[in-house]
Amino acid sequence: GAKVRRLATGFRFTEGPASDGKGDVYFTDIPNNRIHRWSADGTLSTWREGTGGANGLYFDMKGRLLACQGGSRRLSRFGAKGNETVLVAAYDNRPLNSPNDLWVASDGGVWFTDPRYGAQDDLQQGGFHVYWLPPDNSALRRVIDDLVKPNGIRGTPDGKTLYVADAGGRNIMRYRIAGPGRLADRTVFIRGSGSDGMTLDERGNLYLT
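Not measured: the values here are computed from a predicted model.

> Talk me through the sheet that holds strand 5 (residues 54-59); I want residue IDs and the actual numbers.
The strand order across the open sheet formed by four strands is 5-6-7-8, and the pairing between neighbours is antiparallel. Every interior strand has two partners, whereas the edge strands, strand 5 and strand 8 (84-88), have only one. Going across the sheet, the axis of each strand differs from the next one's by a mean of 30 degrees, ignoring polarity. Bridge count between strand 6 (residues 65-69) and strand 7 (residues 74-78): five bridges; the pairing is antiparallel. Among the inter-strand pairings, Gln69 is bridged to a residue of strand 7, identified as Arg74.

Listed below in structure tokens is the structure:
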């Protein structure tokens with residue numbers, strides 16, 4: 001019996017909603033280079049401008065907001081006051097394509113997708129891949145290199161399973177997380193679904209957009 005309710009309008013291209021510990025929802029307006037916050041009391045505010053084309057967002061265990069900055073081709077973290085720390089911008093000494101979506105595991109490791117939409121110039125990674133950044137922000141590891149165009153990504157709270165939406169291949173993939181930055185048991189979880197973002201509820205149900 002639930003009904004969809006419109007909360008706000010006036011944006012150009014909204015993406016990447018993420019909720020903090022208070023229930024406030026942050027989301028991006030990519031062309032306008034903004035991150036907005038919808039507060040639990042119903043108020044809307046602009047949390048940050050000049051976001052580097054931020055797309056997918058996710059809060060880590062310390063309450064810090066991480067963003068895939070597709071325009072700036074990097075992954076960054078924002079502190080409580082909006083101060084920005086660039087975590088990674090290249091793999092194998094070549095710039096990333098356009099980080100799109102991410103999931104932060106409970107151990108602090110960051111899993112993210114790196115496709116490219118729009119202009120396809122200056123691509124230096126030889127394809128669209130999935131990466132893992134260790135908690136200490138040391139060497140970035142490429143963990144999936146056989147998908148057409150990976151987009152949405154989400155792991156289970158117990159850290160045992162990773163789902164990846166191959167929007168280009170129109171499949172939802174499932175992997176067993178075999179350890180830090182290691183995947184095994186690749187399977188097609190849903191065939192013929194070209195999903196963008198995804199999320200999990202408290203019962204383990206997977207939701208696709």
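> A description of the sheet that holds strand 16 (residues 161-166) should follow, citing residues and the corresponding values.
Strand order in the open sheet made by the four strands is 15-16-17-18, with antiparallel pairing throughout. Here the strands that pair on one side only, and so sit at the sheet edges, are strand 15 (150-155) and strand 18 (182-191). Each strand of the sheet is rotated relative to its neighbour by a mean of 25 degrees, with strand direction disregarded.

> Just give me the short version of the packing of aromatic side chains, but keep the residues and values in it.
Scanning all chains against the criterion turns up eight aromatic pairs. Plain terms: the ring middles of Phe112 and Tyr131 are 5.5 Å apart, the flat faces sit at 25 degrees to each other, and that makes the pair stacked. Of the two residues, Phe112 sits in strand 12 (residues 110-114) while Tyr131 sits in strand 13 (residues 129-133), which places them 19 residues apart along the sequence. In this structure Phe112 comes out as buried when scored by relative accessible area, which is 0%. Taken together, the ring pairs connect Tyr26, Trp47, Phe59 and Phe78 into an aromatic cluster. Here Lys149 stacks its cationic end above the ring of Tyr117, 4.5 Å away from the centre of that ring.

> Tell me what's going on with the pattern of salt bridges, and back it up with residues and numbers.
All told, the structure shown has nine salt bridges when counted by the stated rule. With its nearest N and O atoms 2.8 Å apart, the salt bridge here joins Arg64 to Asp60. What makes Arg64 partly exposed here is its relative accessible area of 25%. We classify Asp60 as buried; its relative accessible area is 13%. Residues Arg176 and Asp185 are paired through a salt bridge, measuring 2.7 Å at the closest nitrogen-oxygen approach.

> Can you lay out the side chain of Asp201 for me, pointing to particular residues and giving the numbers?
Mapped onto the fold, Asp201 is located in the loop between strand 19 (198-200) and strand 20 (206-208). No salt bridge is formed by the buried Asp201. Its closest oppositely charged neighbour is Arg203, at 5.9 Å. Reaching out from Asp201, the side chain makes a polar contact with the backbone nitrogen of Gly204 at a distance of 3.1 Å. Of the polar contacts made by the side chain of Asp201, one reaches the backbone nitrogen of Asn205; its length is 2.9 Å.

Basis of the calculations
- Sequence order sets the numbering: in each chain, residues are counted from 1 along the sequence as written.
- Where local features are concerned, this predicted model is filtered to residues with pLDDT of at least 70; where side-chain atom pairs are given and counted, the filter is 80 or more; whole-chain, interface and lining totals use all residues.
- For side-chain calculations, the full set of non-hydrogen atoms in the structure is used, while hydrogens and water are omitted.
- Any two strands with at least two DSSP-identified bridges between them are counted as paired.
- Each helix is a run of DSSP H or I of at least 4 residues and each strand a run of E of at least 2, with the numbering of both proceeding from the N terminus.
- Note on definitions: angles span 0 to 180 degrees between N-to-C directions of axes, and those axes are lines fitted to C-alpha atoms, for helices only across the stretch in contact.
- To pair, rings of Phe, Tyr and Trp, with the six-membered ring standing in for Trp, must have centres within 6.5 Å; the planes then decide the type, stacked if under 30 degrees apart, edge-to-face if over 60, and tilted in the middle.
- Whether a residue is buried, partly exposed or exposed follows from its accessible area with a 1.4 Å probe, protein chains only, as a fraction of its type maximum: under 20%, in between, or over 50%, in that order.
- Only when the NZ of Lys or the CZ of Arg is both within 6 Å of the ring centre and within 35 degrees of the ring normal is a charge said to sit over the ring.
- Each salt bridge in this description consists of a side-chain nitrogen of Lys or Arg and a carboxyl oxygen of Asp or Glu lying within 4 Å of one another.
- Only four residue types enter the charge count, namely Lys and Arg as positive and Asp and Glu as negative; His and the chain termini do not.
- For this analysis, a polar contact is any N or O atom pair within 3.5 Å, provided that within protein one partner can donate a hydrogen and the other can accept it, and provided that sequence-adjacent residues contribute only side-chain to side-chain pairs.

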